[in-house]
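The chain contents come next:
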Amino acid sequence: MSDSYENPISFPVNLEDIEALVYQRIIDLGHPERKDGWTHRQGGVETGSTWRRAQEIYRSIGLRSRMINSLEYNSLHIGSMFAGQAISLPISAAPMVSGINFVCEKPFEQIARAAARLNVAAGIGYPSGVTVYSGMASLAKTFRIIKPAPQRERLVKELKESFAGGCCAAGIDIDSIGGMKPVGDEVRFAELVRPYGKDELKDIRKEVPGKFILKGVMSAKDALDAVEIGADVIVVSTHVGYCLDYSPAPLEVLPEIKAVVGNKAEIVVDSGITRGTDIIKAIALGADSVLIGRLTLWGLLLDGADGVIHMFRRLEAELRRAMILMGVSSLKDLSPRNLCPLDEKGERLLGKCEQVN
Ligand SMILES: Cc1cc2nc3c(=O)[nH]c(=O)nc-3n(C[C@H](O)[C@H](O)[C@H](O)COP(=O)(O)O)c2cc1C
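Quick look at the structure, then. Since we're looking at a predicted model, the values are computed, not measured.

## Let's talk about the overall build of the protein
And then number 1: A tally of helices and strands in the protein yields 12 helices and 14 strands.
And then number 2: Computed over its C-alpha atoms, the radius of gyration of the protein comes to 19 Å, within 12% of the 21 Å expected for a compact globule of 357 residues.
And then number 3: Overall, the protein is about 60 × 50 × 40 Å in size when its C-alpha atoms are taken along their principal axes.
And then number 4: The 357 residues of the protein split such that 56% are buried.
And then number 5: Across the protein, every contact between residues at least 6 apart in sequence was considered, and the portion connecting residues at least 24 apart equals 70%.

Following this line, the structure appears as C-alpha cells:
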C-alpha cells in the first residue's frame, strides 16, 4: 500500500460479502426500500436497461497479461488529475445528495475526511447548503455539481457560491434535465430542472470563476459542444442509470468522446464501477480518472470515513495487482492495446477504438 493505512480486520474483503453486510445495515436502519435504489443488483430508470448495460460492458472486455516483468507493487504510477489538481489515486467520490443522509452521522464530512486521507477529490450534489459544502472544502479538494435549475440566475449564483465556499471546481449535471427515475417509472425532481442550449451554457461558463464541469456527457456531439462551451472536466456518466433508458454504457461512448476531446478537457467516467479492473478498462479507453458513487455509500454505511477509505483502498489494491499482472507501470501507458474482447459486445467496442484511432 502507498501509505500506512491497513485494512481493519473487521471489514470483509470480498465485494459480495460487503454487499451482504450493506443490505443488512440498510434493513437494520429501517430503510429496506433503499436496498434496490442504490445497490448493484437492480434498479435504474424504467426497464433498467441502462443500469444493466454498464455492468455487462465492463464484463465484455478482457485484460491482456504480461507476466514477465520486474514491476514493484509500491512503485506503480497510479496518480492522476482532477480539475487540474493532482490526486494520488485515479478515483474520486462522486457527487451525491438524496438518499445519503441516513447512512451515517455527517456523511459529507466523512466523505471529505476520507478524500483528504486518500488525497482524492470529493464531490457533492444538489441541493446542498453552504455550511455543508464549505465544510467539506475546508477538509478536502471538493467539487460541487448543481442541477440545471429553471432559473438561470439561480444556477449561476449557486455555481459562483461554490467557489466562494472553497470548492476547487463546480458544474452542472446536464443529464438531469428530464428529472430522475432512480427505480422504475416514478420521476423525481422534474420541476427543479430544464434543458440549457449551447449558447446559454457558454454564457454561464463565462460567469464561473474556476474549473467548470459538465456531467452526463454521453455522445461525441455533446463532448464537442462541452469543449466549445469551455468545460474543463467532462464526466461520461449515465448517472447510475437514473436518466435515459436504453443508454449505451459509458465505456461504449468513451472512445468516440476521447477522439474528439483529446487533451482539451479532462475525461472522467462513472456508473457501474465496482472493481479496480473496471478502472483500468476506463482509463485504457480514454478516461483520466473515475468517480465512485454507490461504493462510497457502502463505505459510509460500513463505517463512515474509515469505511470509504476501505472501499477506495480495496479498489486501489485490485488496480495495483492487475497492473503488475498486465506489466503496466503507469496508468498513462494504458491504451486499448491492453484490452481484448471477451464476447461480441467487447469485440464491437474494441473494433470502434481501431476505427477512431
Ligand atoms: C444516492 C445517490 C445520489 C446521487 N446524487 C447525485 C447528485 O445530486 N448529483 C449528481 O450529479 N449525481 C448524483 N448521483 C450520481 C453520482 O454522482 C454518480 O454519477 C454515480 O453514482 C456513479 O455510479 P456508481 O454509483 O455506479 O458508482 C447520485 C448517485 C447516488 C447513488
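And the narrative resumes.
## Observations regarding the site of the ligand
And then number 1: What surrounds the ligand is a group of 24 residues, the closest being Pro-95, Asp-270, Gly-272, Gly-293 and Arg-294.
And then number 2: One nitrogen or oxygen atom from the main chain of Pro-95 is found 2.6 Å from an oxygen atom belonging to the ligand.
And then number 3: Within the backbone of Val-97, one N or O atom sits 3.4 Å away from a nitrogen atom of the ligand.
And then number 4: Considering the ligand on its own, with 600 Å² of exposed area, one finds that the protein chains cover 97% of that surface.
And then number 5: Within the shell around the ligand, the residues separate by chemical class into 11 nonpolar, 8 polar and 5 charged.

## Focus on the packing of aromatic side chains
And then number 1: The full count for this structure, using the stated rule, is 1 aromatic pair.
And then number 2: Centre to centre, the rings of Phe-82 and Phe-143 are 4.5 Å apart; their planes meet at 35 degrees, and the pair counts as tilted. With Phe-82 in strand 3 (residues 80-82) and Phe-143 in strand 7 (residues 142-146), this residue pair connects regions lying 61 residues apart in the sequence. You'll find Phe-82 and Phe-143 in the same group, each marked buried.

## Overview of the pattern of salt bridges
And then number 1: Within this structure, the stated rule accounts for 22 salt bridges.
And then number 2: Note that Glu-56 is salt-bridged to Lys-345, the shortest N-O span being 3.6 Å. Taken together, the residues Glu-56 in helix 3 (residues 49-59) and Lys-345 in helix 12 (residues 344-356) connect sequence positions 289 residues apart.
And then number 3: Of the residues examined, Lys-345 reaches a relative accessible area of 25% and is grouped as partly exposed.
And then number 4: In this structure, Asp-203 and Lys-206 form a salt bridge, with 3.5 Å as the shortest nitrogen-oxygen distance. Of this pair, Asp-203 and Lys-206 both sit in helix 7 (residues 198-207), separated by 3 residues, roughly a single helical turn.
And then number 5: Of the residues examined, Asp-203 reaches a relative accessible area of 33% and is grouped as partly exposed.

## Focus: helix 7
And then number 1: Within helix 7, the full set of buried residues consists of Leu-201, Ile-204 and Arg-205. Projected down its long axis, helix 7 carries its buried residues within an arc of 105 degrees, all on one side. When the buried face of helix 7 is taken as reference, the exposed residues oriented beyond 90 degrees from it are Asp-199 and Lys-206.
And then number 2: The secondary structure elements touched by the buried residues of helix 7 are helix 6 (152-164), strand 8 (169-173), strand 10 (211-215) and helix 8 (220-229).

Definitions and limits used
- Residues numbered from 1 in each chain as written.
- Predicted model: local features only at pLDDT ≥ 70, side-chain atom pairs only at ≥ 80, totals over all residues.
- Heavy atoms only, no water.
- Helix = DSSP H or I, 4+ residues; strand = E, 2+ residues; numbered from the N terminus.
- Rg over C-alpha atoms; globule rule 2.2 N^0.38 Å.
- Buried < 20%, exposed > 50% of the residue type's maximum accessible area, 1.4 Å probe, protein only.
- Contact = heavy atoms within 4.5 Å.
- Near = heavy atom within 4 Å.
- Polar contact = N/O pair within 3.5 Å; in protein donor to acceptor, adjacent residues only side chain to side chain.
- Areas by Shrake-Rupley, 256 points an atom, 1.4 Å probe, with all protein chains shown as cover.
- Nonpolar A, V, L, I, M, F, W, Y, C, P; charged D, E, K, R; others polar.
- Phe/Tyr/Trp six-rings, centres within 6.5 Å; stacked < 30°, edge-to-face > 60°.
- Salt bridge = Lys/Arg side-chain N within 4 Å of Asp/Glu carboxyl O.
- Arc of directions from axis to C-beta.

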